[in-house]
Amino acid sequence: MSTPTQKLVEAFRTGQISRRQFMTMLAALGATAAAAPVMAHAPGIRTAPQARPLKQIEPKVLVYGASQDIATIDPSDRVDYSISAIMRQLYDRLFRFEGGWPQPVEPNLCTEWSTNENGSVWTFKITDQAKFHDGSPLTASDVVYSYQRTLRFQRQRSSLLSGYLDVDGISAPDATTVVMNLKTPYPAFDRLLAFLEQPIVSEAIAKANEVDGDEGAAWLVDHEAGSGPFTIKNWQIGTVYELEAVPDYWQGWPGEGRLAGVVWQKSEDAGTRKQGLLAGNFDISDTVSVTDVEEINNTEGLQALVNFGLLGGYLKYNTQEGPTADVNFRKFLNYSFNRQAFSDSQLGFIKDMVSPIPEGVPGYNPDNQPQYTYNPELAKAALDASPYAAGGFSIDFVYVAGLDFEEAGGLILLDELRKYNITLNLVPKNWPDIVGACTAPVGGPPIAFIFDQFPPLADTWLIEKYSSKSWDRPTGGSFQACSFYKNEQVDALLDELKVTVDADRATAIVTEVQALVAADAPDLPLYVAPNVLGIADRVKGFNYFGDISVDFWRLWIE
């Protein structure tokens, strides 16, 4: 097993970190090895991280250059990277999930938790210190209400949760205790809850803003009813998003200072985000182009941080409509994608995917078959086996406007499809529009470049992406299920995977599902992408936790 120092040297050697980052991190490793304390906890007991005394650092507003809008902040609606980034600041959850990488499960509202022998009944003790922003106490009943509200709404946020929990399966025996009785045993349920990050909303505030029985849904699109470290200062969807800190936030501030507030400045163009960073207009910029890493690292006072987590990039095909409804045409597309050309376009900052789930997820099979590499001969054979061998038509390739790496993928495929008399239309769209188009197959994107990220749990990856129950329902699907894939055998196996407690059987199911999905080719698992963040040296407290964005609660500016 590689030591931390060996991993650091390898990261420097392969260009994943700059020389300055290498020297800084090497020094930190030495200090950690010399001074790391030994800590122990009683089994089943977790205590909240202790906030350190703040230095006399004047809180400042941080300007964040983001690639994406924030379409809604309703705690029961849906999630993506921008929604999650802001919800972490406005609301508390049972657990924190942003303490580092790999993601540790840390307490937030939950101070202690336990389960019975088979993982079917979970008990959570809730702090009595948390307060909503209106000053009212947060109690176990608010936790129950928040989870029940999400389960009642049956929108994307409920997708994984509803497989294990019903509305009547959660209760509050007293003001600081929540009990969840699962529909099926699940020993990793605490990690799933940590990943789902259900925001805890004030029941009183939600109901006070109810219109026609919507439980405050219309109001909560652009208002909040939380207890987190920040509140809303100015919120205009598509225009400006401003937060201000709660100085006496109940859990305190974990760094040596804190922020006064955050301005989320959306800019879809990677070049604009880079220029904003170089000019000092942005303190942090996310989704930095890999072609800008060197320039940022060579600019005084700035650095580009390149980290790989579990952010998987897929070309997703609409398996229910148009040419992509044909399995042979989908295989043709997969064999037509020139992976080496794409890697070159990203300066090698990629990790190839050969399976529907990425390496690092338990059950990942590196030998899964079929594997789709660039192969014009196999591409031609697959096209000839489809009804579309003659070409003479066009098909849309939908991607997020301003993301140059997604556009690069489209251009590479476009160039290849020309050889077969097929026109690929590159269609840039705002992310919320893509999410909306993924609700149902009718009108869904024929080909969409979409990134998925789940915790290292195979069931969450496979069920959300490949179970037809994730999209074929009255409330529609999500961007994760934008292939609209339906295979009865896969559905049955995934239903079994939800309830099995036999580790060997679970592994066998995960292996079989990977092979079945690959054979049907509902998507092209392309690569694990790096999360590239441009950040000013004056920003302190950043800790990579596998996400595109940052946790503003932990940051301050010197």
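Read on for an overview of the structure. (Residues numbered from 1 in each chain as written. Predicted model: local features only at pLDDT ≥ 70, side-chain atom pairs only at ≥ 80, totals over all residues. Heavy atoms only, no water.)

**Considerations on the overall build of the protein**
Then, number 1: Counting its regular elements, the protein contains 17 helices and 19 strands.
Then, number 2: A compact globule built from 558 residues should have a C-alpha radius of gyration of about 24 Å, and the protein, at 23 Å, falls within 12% of that.
Then, number 3: Along the longest, intermediate and shortest principal axes, the C-alpha atoms of the protein span 70 × 55 × 50 Å.
Then, number 4: Within the protein, the proportion of its 558 residues that are buried is 56%.
Then, number 5: The long-range fraction of contacts in the protein, counting pairs at least 24 apart against all pairs at least 6 apart in sequence, stands at 72%.
Then, number 6: A total of about 22,100 Å² of accessible surface is found on the protein, and carbon and sulfur atoms cover 52% of it.
Then, number 7: Averaged over its 44 positive side-chain charges, the protein has a centre that lies 3 Å from the centre of its 70 negative ones. (Helix = DSSP H or I, 4+ residues; strand = E, 2+ residues; numbered from the N terminus. Rg over C-alpha atoms; globule rule 2.2 N^0.38 Å. Buried < 20%, exposed > 50% of the residue type's maximum accessible area, 1.4 Å probe, protein only. Contact = heavy atoms within 4.5 Å. Areas by Shrake-Rupley, 256 points an atom, 1.4 Å probe, with all protein chains shown as cover. Lys, Arg positive; Asp, Glu negative; His and termini not counted. Charge placed at Lys NZ, Arg CZ, Asp CG, Glu CD.)

**Looking at the environment of G99**
Then, number 1: Take G99: it is sitting in the loop between β2 (95-96) and β3 (106-107).
Then, number 2: In sequence terms G99 and S202 are 103 residues apart; their C-alpha atoms lie 25 Å from each other.

**Some remarks on unusual backbone geometry**
Then, number 1: Note that the residue after W101, namely P102, is joined by a cis bond; omega there is 0°.
Then, number 2: Phi is positive for E197, close to 50°, though the residue is something other than glycine.
Then, number 3: The topology assignment puts E197 in the loop between α5 (189-196) and α6 (203-208).
Then, number 4: In this structure E197 comes out as buried when scored by relative accessible area, which is 8%.

**With respect to helix α13 (residues 404-417)**
Then, number 1: Its 14 residues place the ends of α13 20 Å apart at the C-alpha level, agreeing with the 20 Å of an ideal helix rising 1.5 Å per residue.
Then, number 2: The complete set of buried residues in α13 reads F405, E406, A408, G409, G410, I412, L413, L414, E416 and L417. (Expected span 1.5 Å × (residues − 1).)

**With respect to the pairing of strand β7 (residues 177-181)**
Then, number 1: Most of β7 sits inside the fold, with four of its five residues counted as buried.
Then, number 2: Where strand β5 (residues 121-126) lies against β7, five bridges are found, and the strand directions are antiparallel. Within β7, the residue paired with W122 across the bridge is M180.
Then, number 3: Of the strand pairs in this sheet, strand β6 (residues 170-174) and β7 are connected by three bridges, and their pairing is antiparallel. Note that in β7 the partner of S171 across the bridge is V179. (Pairing = 2+ DSSP bridges.)

**Comments concerning helix α12 (residues 376-384)**
Since there are 3.6 residues in each turn of an α-helix, residues three or four apart along the chain are aligned in direction.
Then, number 1: Those residues of α12 not exposed but buried are A379, A382 and L383. Down the axis of α12, the buried side of the element spans an arc of 100°, and every buried residue falls inside it.
Then, number 2: Tucked inside the fold, the buried residues of α12 contact α10 (327-336) and β15 (422-429). (Arc of directions from axis to C-beta.)

**Notes on the environment of L243**
Then, number 1: If you trace the backbone, L243 turns up in strand β9 (residues 240-245).
Then, number 2: Residue L243 is classed as buried on the basis of its relative accessible area of 4%.
Then, number 3: Residues L243 and L62, 181 residues apart in the sequence, show an inter-C-alpha distance of 9.8 Å.
Then, number 4: If we skip the residues at most four places from it in the chain, L243 touches I86, Q89, L90, F230, T231, I232, K233, W235, G261 and V262.

**Considering the sheet that holds β7**
Then, number 1: Taken in spatial order, the four strands make up an open sheet running β4-β5-β7-β6, and their pairing is antiparallel. Of all strands in the sheet, those with a lone pairing partner are β4 (110-115) and β6, marking the two edges. Mean inter-strand twist for the sheet, computed between neighbouring axes without regard to direction, equals 20°.
Then, number 2: Against the sheet, helix α4 (residues 140-153) engages β5, β6 and β7, with an angle of about 175° to β6.
Then, number 3: Along the sheet, α5 makes contact with β4, β5 and β7, crossing β5 at roughly 55°. (Axes fitted to C-alpha atoms, helices over the stretch in contact; angles between N-to-C directions.)

**Details of the pattern of salt bridges**
Then, number 1: Taken as a whole and judged by the stated rule, the model has 30 salt bridges.
Then, number 2: Residue R418 pairs with D415 through a salt bridge whose shortest N-O separation is 3.5 Å.
Then, number 3: Here R418 falls in the exposed class, since its relative accessible area comes to 57%.
Then, number 4: D415 gets classed as partly exposed once you look at its relative accessible area, which sits at 42%. (Salt bridge = Lys/Arg side-chain N within 4 Å of Asp/Glu carboxyl O.)

**Brief notes about the nonpolar core**
Then, number 1: With 100 residues, the main nonpolar core has W264, F332 and F552 as its most contacted residues.
Then, number 2: Broken down by element, the residue count for this core peaks at eight residues, all from strand β17 (residues 523-536).
Then, number 3: L138, L165, L462 and Y485 belong to the second largest nonpolar core, which has 58 residues in total. (Core = buried A, V, L, I, M, F, W, Y, C linked by side-chain atoms within 4.5 Å.)

**Describing the layout of surface pockets**
Then, number 1: The computed volume of the second largest pocket comes to approximately 350 Å³.
Then, number 2: Contributing to the lining of the second largest pocket are 18 residues, with Y186, A458, D459, L497 and A506 lying nearest its centre.
Then, number 3: When residues of the lining of the second largest pocket are traced back to their parent elements, those giving at least two are α15 (458-466), α16 (488-499) and α17 (503-520).
Then, number 4: The element contributing the most residues to the lining of the second largest pocket is α17, with four residues.
Then, number 5: Considered class by class, the residues forming the lining of the second largest pocket number 12 nonpolar, three polar and three charged. (1 Å grid on protein atoms, 1.4 Å probe; cavity = no way out; pocket = protein on both sides within 12 Å on 5 of 7 lines; lining within 4 Å. Points joined across faces, edges and corners; volume = space filled by probe spheres on them. Nonpolar A, V, L, I, M, F, W, Y, C, P; charged D, E, K, R; others polar.)

So, to be careful, I would describe these as geometric facts and stop short of saying anything about function.
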